[in-house]
Amino acid sequence: MTAIDVIRAKRDGATLSDEQIDWIIHGYTRGRVAEEQMAALAMAILLNGMSRREIARWTAALIASGQRMRLPAQELGGRPTVDKHSTGGVGDKITLPLAPLVAACGAVVPQLSGRGLGHTGGTLDKLETIPGWRAGLSAGRLLAQLREVGAAVCAASDELAPADRKLYALRDVTGTVESIPLIAGSIMSKKIAEGAGSLVLDVKVGTGAFMKDVGQARELARTMVALGGDHGVTTTAVLTDMDTPLGLTAGNALEVRESVEVLAGGGPCDVVELTHALAREMLAAAGLDRIDPADRLRDGSAMDVWRRMISAQGGDPDATLPRARESHAVVAPATGVLAKLDAYAVGMAAWHLGAGRARKEDPVQAAAGIELHAKPGASVRTGQPLLTLHTDTPERFEPAVAALRDAVTVVPPGTRLELRPLVIERVHVATPRTMRPLLGPAPHLDGHEAS
Ligand code: URA
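The rules behind each value
- Residues numbered from 1 in each chain as written.
- Predicted model: local features only at pLDDT ≥ 70, side-chain atom pairs only at ≥ 80, totals over all residues.
- Heavy atoms only, no water.
- Helix = DSSP H or I, 4+ residues; strand = E, 2+ residues; numbered from the N terminus.
- Rg over C-alpha atoms; globule rule 2.2 N^0.38 Å.
- Buried < 20%, exposed > 50% of the residue type's maximum accessible area, 1.4 Å probe, protein only.
- Contact = heavy atoms within 4.5 Å.
- Areas by Shrake-Rupley, 256 points an atom, 1.4 Å probe, with all protein chains shown as cover.
- Lys, Arg positive; Asp, Glu negative; His and termini not counted.
- Charge placed at Lys NZ, Arg CZ, Asp CG, Glu CD.
- Expected span 1.5 Å × (residues − 1).
- Core = buried A, V, L, I, M, F, W, Y, C linked by side-chain atoms within 4.5 Å.
- Domains from an automatic or database assignment.
- Salt bridge = Lys/Arg side-chain N within 4 Å of Asp/Glu carboxyl O.
- Axes fitted to C-alpha atoms, helices over the stretch in contact; angles between N-to-C directions.
- Parallel < 35°, antiparallel > 145°, perpendicular 65-115°, else oblique.
- Nonpolar A, V, L, I, M, F, W, Y, C, P; charged D, E, K, R; others polar.
- Pairing = 2+ DSSP bridges.
- Buried area = accessible area lost by both parts, 1.4 Å probe.
- Polar contact = N/O pair within 3.5 Å; in protein donor to acceptor, adjacent residues only side chain to side chain.
- Near = heavy atom within 4 Å.
- Phe/Tyr/Trp six-rings, centres within 6.5 Å; stacked < 30°, edge-to-face > 60°.
- Lys NZ or Arg CZ within 6 Å of the ring centre and 35° of its normal.

Student: Mind laying out the overall build of the chain, listing which residues take part and the relevant values?
Tutor: Check the secondary structure of the chain and you find 17 helices and 13 strands. Against the globule reference of 22 Å for 451 residues, the chain gives a C-alpha radius of gyration of 22 Å, in line with a compact fold. With the principal axes as the frame, the chain shows a C-alpha extent of 65 × 50 × 40 Å. Put simply, the chain has 451 residues, and 55% of those count as buried. Excluding contacts between residues fewer than 6 apart, the proportion of contacts in the chain whose partners are at least 24 apart in sequence is 80%. Counting every atom, the chain has about 18,000 Å² of accessible surface; 52% of that belongs to carbon and sulfur. The positive charge centre, built from 49 side chains, and the negative charge centre, built from 52, are 2 Å apart in the chain.

Encoded structure:
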């Protein structure tokens, strides 16, 4: 077999065999398939798609390129493990209150997360604004923290799906990110390799998300739910709105502050609503659906887990979070009803202010970001502050304000708006039994445990 045979087959619309998929992923992981060959194959996949069976095998091969984490129930007091993944959006800080909340309800939450790239923020960047907090945990320390605290948010090890790490970086620079088979395989290979028993996917839809329309998002969600089932992971997905930023903040320390407000029983309504909705999904997937997560927020036990989770990774939960040196207000252009506050524009503006990075090695500013003073549906008056921009470097205000040029729409007073609900729809659990036949014998890569 040669890489050229595999590329030509996909270019000409053929279905790749299990052997072709295993061979190409194996060769790419070992450096025997060149970057340009993988880029050509990724483009052929983007243009011609993949069958359900090909996506299942592709994902299995990505998992088999590294190690699958073990989270043995007997070492975790018999508690079920459950994980959440968001496809990424602006102001999406839900992991921060959600992981301790679900742990306070009796599940174990191993939340391996990443850093932000482009206009969406990364969970690790947010937590790293807490003085002393460290993202790195060895496998042994992660297991100990899960046993003692019930939740950990930390960096994923290089051993999890290394082929995906390489491929994602390549897709990023070759215009091949926007492919449902490749996105589904990429996300699910990492999530399945993390070893949790169940998984809830928050698939974002809207201007600030990868998926701009509900049809695409539904297809991605169904593909990922089926892949979870193939690998014995009980998987559910919800489609949620990302036309408007989530909550009233976008930016690392600002979002930590807002998450702590939610854990203290306050916080913006949409963040509270989504935290509850995802907690209920996670508890149902983990078989703990008799517990109402709202009780655990009210009685302070979610906050207790948060404090222990932060301290266990060296952070000081009582430390003052960084504040930016400079701020600038963006005001309402007219009196009326705020009809649109575009998530992508707000994400790009926060990025210009220093909250995000262009290349993965770039630093981020802890305190940079945006506070929102109104959300769509609110009445506003000309000149009223709508957004406050924060940064340590005031020369960043100009590009941030430019990014917001078309972000705001105000319609005449009294106009009735049709606002999309935050939780748009739910994609049901696929049982391992019904999905299993799609997978043949698991691929095996030398030197590693096959999944
Ligand atoms: N997130 C991932 O991990 N992979 C993708 O392909 C897209 C988003």
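Student: Summarise helix H9 (residues 180-193); cite the residues concerned and give the values.
Tutor: Here H9 spans 20 Å end to end across 14 residues, near enough to the 20 Å set by a 1.5 Å rise per residue. The buried count for H9 comes to 13 of 14 residues, which makes it a mostly enclosed element.

Student: Please provide a residue-by-residue account of the nonpolar core, values included.
Tutor: Core analysis: the biggest nonpolar cluster contains 73 residues, and Val 102, Trp 306, Ile 370, Leu 387, Leu 389 and Leu 404 have the highest contact counts within it. Mapping this core onto the domain boundaries places at least three of its residues in each of domain 2 (73-319 + 424-431) and domain 3 (326-411). The residues contacting Trp 306, other than those within four sequence positions of it, are Leu 96, Pro 100, Leu 127, Ile 130, Val 256, Val 260 and Leu 263. Listed in part, the 59 residues of the second largest apolar core include Tyr 28, Ile 45, Ala 152 and Val 427.

Student: Break down the pattern of salt bridges for me, with residues and values.
Tutor: On inspection of all chains with the given rule, the structure shows 23 salt bridges. For Asp 92, the salt bridge is made with Lys 204, and the minimal N-O distance between the two is 3.9 Å. Taken together, the positions of Asp 92 in the loop between strand E1 (82-86) and helix H5 (95-104) and Lys 204 in strand E4 (residues 198-205) put the pair 112 residues apart, joining distant regions of the chain. In this pair, the class of Asp 92 matches that of Lys 204, namely buried. For Asp 125, the salt bridge goes to Arg 357, with nearest N and O atoms at 2.9 Å. Remark: Arg 357 occurs in the loop between helix H15 (343-353) and strand E9 (369-372) and Asp 125 occurs in helix H6 (residues 123-127); sequence separation between them is 232 residues. Judged by relative accessible area, which is 6%, Arg 357 ranks as buried. When salt bridges that share partners are traced, they join Asp 18, Asp 22, Arg 53 and Arg 57 into one network.

Student: Tell me what's going on with the packing of helix H11 (residues 252-263) against helix H14 (residues 301-312), and back it up with residues and numbers.
Tutor: Across the interface, H11 lies against H14 with an axial gap of 9 Å and an inter-helix angle of 140°. If you check the angle between H11 and H14, you find them oblique. Taking contact as the criterion, the partners of Val 256, Val 260 and Leu 263 in H11 are, on H14, Ala 302, Met 303 and Trp 306. Of the residues contributing to the contact of H11 with H14, the split by class is six nonpolar, no polar and no charged.

Student: Provide a residue-level description of the sheet that holds strand E8 (residues 336-341), including the pertinent values.
Tutor: Backbone hydrogen bonds are what pair the strands of a sheet, in a parallel or an antiparallel way. Strand order across the open sheet formed by three strands is E10-E8-E12, with antiparallel pairing between neighbours. In this open sheet, the two edge strands, each paired with only one partner strand, are strand E10 (379-380) and strand E12 (408-411). Direction of pairing for E8 relative to E12: antiparallel, over a ladder of four bridges. Bridge assignment links Leu 338 to a residue of E12, and that residue is Val 410.

Student: Go over the sheet that holds strand E7 (residues 326-331), please, and point to the residues and values.
Tutor: Read from one edge of the open sheet, four strands run E6-E9-E11-E7, paired in antiparallel fashion. Unpaired on one side and paired on the other, strand E6 (249-250) and E7 mark the two borders of the sheet. Here E6 pairs with E9 via two bridges, running antiparallel. Paired with Thr 249 across the strands is Glu 371, a residue of E9. H15 contacts E6, E9 and strand E11 (385-391) of the sheet and is inclined by roughly 135° relative to E9.

Student: Give a description of the domain arrangement of the chain that names residues and reports values.
Tutor: Split into domains, the chain comes out as domain 1 (3-67), domain 2 (73-319 + 424-431) and domain 3 (326-411). Summarising the inter-unit geometry, the C-alpha centres of domain 2 and domain 3 are found 25 Å apart. Both sides together, the interface formed by domain 2 and domain 3 hides about 1,800 Å², and carbon and sulfur atoms give 59% of it. Contact with domain 3 buries surface across domain 2, with His 119, Leu 248 and Leu 254 losing the most and accounting together for 26% of the total.

Student: Give me the lowdown on the side chain of Thr 235, citing residues and values where you can.
Tutor: Structurally, Thr 235 is set in strand E5 (residues 234-241). The exposure class assigned to Thr 235 is buried, which follows from its relative accessible area of 0%. A polar atom in the side chain of Thr 235 sits 2.8 Å from the backbone oxygen of Val 233.

Student: With reference to specific residues and values, describe the site of the ligand.
Tutor: All residues adjacent to the ligand are Tyr 168, Arg 171, Ile 183, Ser 186, Ile 187, Lys 190 and Phe 210. One of the side-chain N or O atoms of Ser 186 is found 2.6 Å from a nitrogen atom in the ligand. Here Lys 190 contributes a side-chain N or O atom positioned 2.5 Å from an oxygen atom of the ligand. Within the residue set of the shell around the ligand, elements represented by two or more residues are helix H8 (162-172) and H9. Top contributing element to the shell around the ligand by residue count: H9, with four residues. The residue inventory of the shell around the ligand, partitioned by class, reads four nonpolar, one polar and two charged.

Student: Run through the packing of aromatic side chains, naming residues and quoting values.
Tutor: Per the stated rule, a full pass over the model turns up zero aromatic pairs. Between Lys 166 and the ring centre of Tyr 28, over which it is positioned, the NZ or CZ distance is 4.2 Å. We note Lys 190 situated over the ring of Tyr 168; from NZ or CZ to the ring centre the distance is 5.3 Å.

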